[in-house]
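Working through the structure, step by step
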Amino acid sequence: MLARRTVLSAFAGALALIGLPTAPRAAEVKEIRLDWATYNPVSLVLKDKGFLEEALKAQGIKVRWVQSLGSNKALEFLNGGAIDFGSSAGAAALLARINGNPIKVIYAFSQPEWTALVTRKDTGITSVADLKGKRVAVTRGTDPHIFLIRALQGAGLTEKDAKLVLLQHPDGRTALDRGDVDAWAGLDPMMAAAEIENNDVLFFRDPAANTWGVLDVREDFAKEHPDLVKTVIAAYEQARAYSRENPDALKAALVAATKLPDPVIARQLERTDLTKPAVGRSQADAIRAAGVALQQAGVIPAETDVAAAVAGLIDPQFNPAPR
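Each value, and the rule that gives it
Residues numbered from 1 in each chain as written. Predicted model: local features only at pLDDT ≥ 70, side-chain atom pairs only at ≥ 80, totals over all residues. Heavy atoms only, no water. Helix = DSSP H or I, 4+ residues; strand = E, 2+ residues; numbered from the N terminus. Contact = heavy atoms within 4.5 Å. Areas by Shrake-Rupley, 256 points an atom, 1.4 Å probe, with all protein chains shown as cover. Lys, Arg positive; Asp, Glu negative; His and termini not counted. Charge placed at Lys NZ, Arg CZ, Asp CG, Glu CD. Polar contact = N/O pair within 3.5 Å; in protein donor to acceptor, adjacent residues only side chain to side chain. 1 Å grid on protein atoms, 1.4 Å probe; cavity = no way out; pocket = protein on both sides within 12 Å on 5 of 7 lines; lining within 4 Å. Points joined across faces, edges and corners; volume = space filled by probe spheres on them. Nonpolar A, V, L, I, M, F, W, Y, C, P; charged D, E, K, R; others polar. Buried < 20%, exposed > 50% of the residue type's maximum accessible area, 1.4 Å probe, protein only. Pairing = 2+ DSSP bridges. Axes fitted to C-alpha atoms, helices over the stretch in contact; angles between N-to-C directions. Core = buried A, V, L, I, M, F, W, Y, C linked by side-chain atoms within 4.5 Å.

1. A word on the overall build of the protein
Broken down by element type, the protein carries 14 helices and 11 strands. With the C-alpha coordinates of the protein rotated into their principal frame, the extents come out at 80 × 50 × 30 Å. A separation threshold of at least 6 residues defines the contact pool for the protein, and within that pool the share at least 24 residues apart is 78%. When the accessible area of the protein is evaluated, it comes to approximately 14,500 Å², of which 52% is carbon and sulfur surface. Counting 38 positive and 38 negative side-chain charges, the protein places the centres of these two groups 3 Å from one another.

2. Details of the side chain of Arg 218
With respect to the element layout, Arg 218 can be found in strand β10 (residues 213-218). A polar contact is formed between the side chain of Arg 218 and the backbone oxygen of Ile 83, at a distance of 3.1 Å. Within the local environment of Arg 218, its side chain forms a polar contact with the side chain of Asp 84, the two groups lying 2.4 Å apart. Sequence-distant contacts of Arg 218, that is, excluding residues within four places in its chain, are made with Arg 33, Leu 78, Gly 81, Ile 83, Asp 84 and Pro 102.

3. Focus on the layout of surface pockets
Roughly 310 Å³ of internal volume is contained in the largest pocket. Residue lining of the largest pocket: 16 residues in total, with Ala 92, Leu 95, Ala 96, Asn 99 and Gly 141 positioned closest to the centre. Of all the secondary-structure elements, those providing two or more residues to the lining of the largest pocket are α4 (71-79) and α5 (90-98). Per-class residue counts for the lining of the largest pocket are 8 nonpolar, 6 polar and 2 charged.

4. Some thoughts on the pairing of β10
Of all 6 residues that make up β10, 6 are buried, and the element is covered over most of its length. Alternating residues of β10 divide into Gly 213, Leu 215 and Val 217 and Val 214, Asp 216 and Arg 218, and every residue in both groups is buried. In this sheet, β10 lies alongside strand β3 (residues 85-89) in antiparallel orientation, the contact comprising 5 bridges. For Ala 89, the partnering residue across the bridge sits in β10 and is Gly 213.

5. What about the sheet that holds strand β5 (residues 117-119)?
Pairing is mixed in the open sheet, where 5 strands are placed in the order β7-β6-β8-β5-β9. If you trace the sheet from one side to the other, it starts and ends with β7 (163-166) and β9 (201-204), each paired once. Going from strand to strand, the sheet's axes swing by 35 degrees on average, the running direction of each strand aside. Judged from the 4 bridges that link them, strand β6 (residues 135-138) and β7 form a sheet pairing that is parallel. What sits directly across from Val 138, in β7, is Leu 166. In the packing of helix α7 (residues 169-178) onto the sheet, contacts are made with β5, β6 and β8 (183-185), and the angle to β8 comes to roughly 165 degrees. Sheet contacts for helix α8 (residues 190-198): β5, β8 and β9; angle to β8, the most-contacted strand, approximately 145 degrees.

6. Concerning empty space enclosed by the protein
This structure, assessed with the given rule, holds 1 cavity of 30 Å³ or more. Looking at the largest cavity, its volume works out to about 40 Å³. Around the largest cavity, the lining residues are Tyr 39, Gly 70, Ser 71, Ala 89, Trp 114, Thr 142, Asp 143, Pro 144, His 169 and Leu 187. Its residues assigned to classes, the lining of the largest cavity comprises 5 nonpolar, 4 polar and 1 charged.

7. Digging into the nonpolar core
Generally speaking, soluble globular proteins have nonpolar side chains that are buried together. Among the nonpolar cores identified, the biggest contains 87 residues, and Ile 32, Leu 34, Leu 46, Phe 85, Ile 106, Val 229 and Tyr 236 are the most heavily contacted of them. Sort the elements by how many residues they give to this core and helix α10 (residues 226-245) lands first, with 7 residues. For Leu 34, the residues in contact, after removing those within four places along its chain, are Leu 46, Leu 52, Val 63, Arg 64, Trp 65, Val 66, Ile 83, Phe 85, Val 232 and Tyr 236. Core analysis: the second largest hydrophobic core is formed by 16 residues, Leu 117, Val 138, Ala 183 and Ala 209 among them.

By themselves, these observations are geometric and do not establish any function.
Have a look at this one:
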């Protein structure tokens, strides 16, 4: 037995010397780091129920949770190596990858209508064209930002025609309430709160232009630890199934995390579809359409092969089996 271990050790060392990779062991990972976000309701249930912690207990792997306030923060954390898995919008993930963030989309936690353009009742804004010269709060690098660009483009305008005020999502809602801005590219659940609590108006909606809520993984982590990626996806599937079977528990988890009233969270969940977790053509089509629009608007360089970038982004190998 000792001789066999010696031979195996020598073989592994030889592989390393000639530059070939040795097989990574799950035991090398002591902690998996994930984000949780109020725009990803399933992440709250996963965190609260401890499904992933239970699945990793036998391997001695701990789980650390980090809050993301928007796609931009989740993608920033991934790029910096602060987390291994992060929640984002599909189009935001595409922009990040084009800009050099080495991530893969491996799971769809929701198909939401989570963004629209919002204003107060007293602004007189009723259409996207009315945003010319107006102050608009937006979180750069997120689905609401991309939604705003596409909406402006559809009205024959660009970002330069409006006065963009760069704020995180909660601060954008506050700025709208205070009158510091005229409109806001909203995100649920803050957007639902603005509707219900302030009677703010969603003056432009387009559900098809909301790209999917997706789970991203650092590409190197997926290559080195595919079994752990599968474990994370399996735990997410437990949380998704639990969320669908226990909608009151899902709503309660969101209420607890956001401190928002039940009617606000109910409005968010009304426009959140949790039934399609596998990634593939549907996500690719939605993300590609957003990418082409952004390229036409000059946000993505003209020489970028958007279709190839989308193909490199989406990785269906970890798709869960249909339920």
